[in-house]
Amino acid sequence: MSNATPSVIAVLVAELIPAAAFGFAADRIASAIAKWPAALRILAPALLVLPYAVLSATHHMFRWEWFGVYAVLPVLMTWLLARAAAADPEQRGNWRDALILLTLGLTVDLRWFDVAWPDGLRGLGNLLLVDAGLYGFLGIRRLSGTGFDFHLRWSDWKTGLRELVFFAPVVILIGLLLGFIHHHTNFPAWWKAVLAWVGIFVFVAVPEELFFRAWVQNFLERRLGRNAALVTASILFGLSHFNKRNLAGAHFNWRYVLLASIAGIFYGRAWREQKRVPASTITHTSVDWLWSWWF
C-alpha cells in the first residue's frame, strides 16, 4: 500500500499486539491485570493514545482535543466496566455495558472519529477502540462466554464453513432478486486471494464478530434467551450497514440492511454453537471474500 509508511506499520503492529494477546491468552492477561493496583488497572489504557499521537504527529495533523479523547475514553470505559463488574457479578448485563456498547457502535458506524486519522487509515482508529474494548470487557469486566480465543480448532472451520454453505444460496437468490448484487467473474491470482481473505479476517470480520457476537449477542442471550438474542443481534448488525454501499445516493440502504441482517443470523448461529468467535469470523470472512470477487 502506498500509505504503508514506517510510522503506519509501527502503529499497526502496536495496535495488533494487544488484540492478539487477548486472542491467545485472555485468561492469563486478566489474571495478571487483577494483581495490579486499582489505580493502575483503571489508568493503564490511557496508553492507547500513543498510536494516535505517533501517527497524527508524523502526518502533521495532531490535535490536543483528539489526544484527550483517546486518552480519556479508554480510561472512562475501564472505570465503568469495573463498576459494572461490581454491580453485576452474574454478568446479565448492566446499563454501563449497554452505554459502552452503544458508544462504540455509534462511533464506528457513524464515523465520528474518522477526521482524527489520515485518509485511508480510519481502520487504525477502529482497531484502537477494539483494544480498549478488549481491555475493558475481557481484562476488567472478565466477561465470560465470549469465545474470543484464536487457538483455531477444526470445529471452528467445520462450523464456519457449514454456515457459509447454508447462507450462500439464500444471499445469492435474494441479492439477485433485489438487484443488489450482479455476477461478475473476477478470478484473482491465488496469492492475492489469500491475502484478501486474511485481510478481511483480521480487519473486518474479527472486530465485527467481537462486537456483535462476543459482546452484544452474548449479553442479550442472558436477558432474552438464545433465539431472541440471535434475531435481535442480527437486526442490529443489519442496521449497522444502513449507510454502506449507498445506491443512487440513498441515505438508508435498506437492501444492504436486509441482507446483512440475514447474514447476521448465520454468523450468530456459527458463534453460538460453541461460543467461538473464530467460527463466526470464518463464515463472515468467507462471505465478504466471495462477495468481493464474484458478486
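This is a predicted model, so every value here is computed, not measured.

(A) Region of interest: unusual backbone geometry. Positive phi is not limited to glycine here, since Q91 has a value of about 60°. You can see Q91 is positioned in the loop between α4 (64-87) and α5 (95-109). On the basis of relative accessibility, which here comes to 10%, the residue Q91 falls in the buried class. Its identity is not glycine, yet K275 carries a phi of approximately 55°, on the positive side. Following the sequence through the fold, K275 ends up in the loop between α10 (254-274) and α11 (277-294). For K275, a relative accessible area of 27% corresponds to the partly exposed category.

(B) Focus on the pattern of salt bridges. Applying the stated criterion to the full structure yields ten salt bridges. A salt bridge links D88 to R141; the nearest nitrogen and oxygen atoms lie 2.8 Å apart. Residue D88 is found in the loop between α4 and α5, and its partner R141 is found in the loop between α6 (122-140) and α7 (154-177); the two are separated by 53 residues along the sequence. Of the two residues, D88 and R141, neither departs from the other in class, the shared state being buried. Among the salt bridges present, the one from R122 reaches D114, with a minimum N-O distance of 2.6 Å. Taken together, the shared-partner salt bridges in this structure form one network comprising R162, E163, R269 and E273.

Conventions and cut-offs
In this numbering scheme, every chain counts its residues from 1 along its sequence in written order. Per-residue local features of the predicted model are confined to residues with pLDDT of at least 70, and side-chain atom pairs are confined, for both listing and counting, to 80 or more; whole-chain, interface and lining totals are unaffected and use all residues. Think of the side-chain values as coming from all heavy atoms in the structure, minus any hydrogens and water. Secondary structure elements follow DSSP: runs of H or I no shorter than four residues count as helices, runs of E no shorter than two count as strands, and numbering proceeds from the N terminus. Three exposure classes are used, based on accessible area relative to the maximum for each residue type with a 1.4 Å probe and protein chains only: buried under 20%, partly exposed in between, and exposed over 50%. A pairing counts as a salt bridge when a side-chain nitrogen of Lys or Arg comes within 4 Å of a carboxyl oxygen of Asp or Glu.

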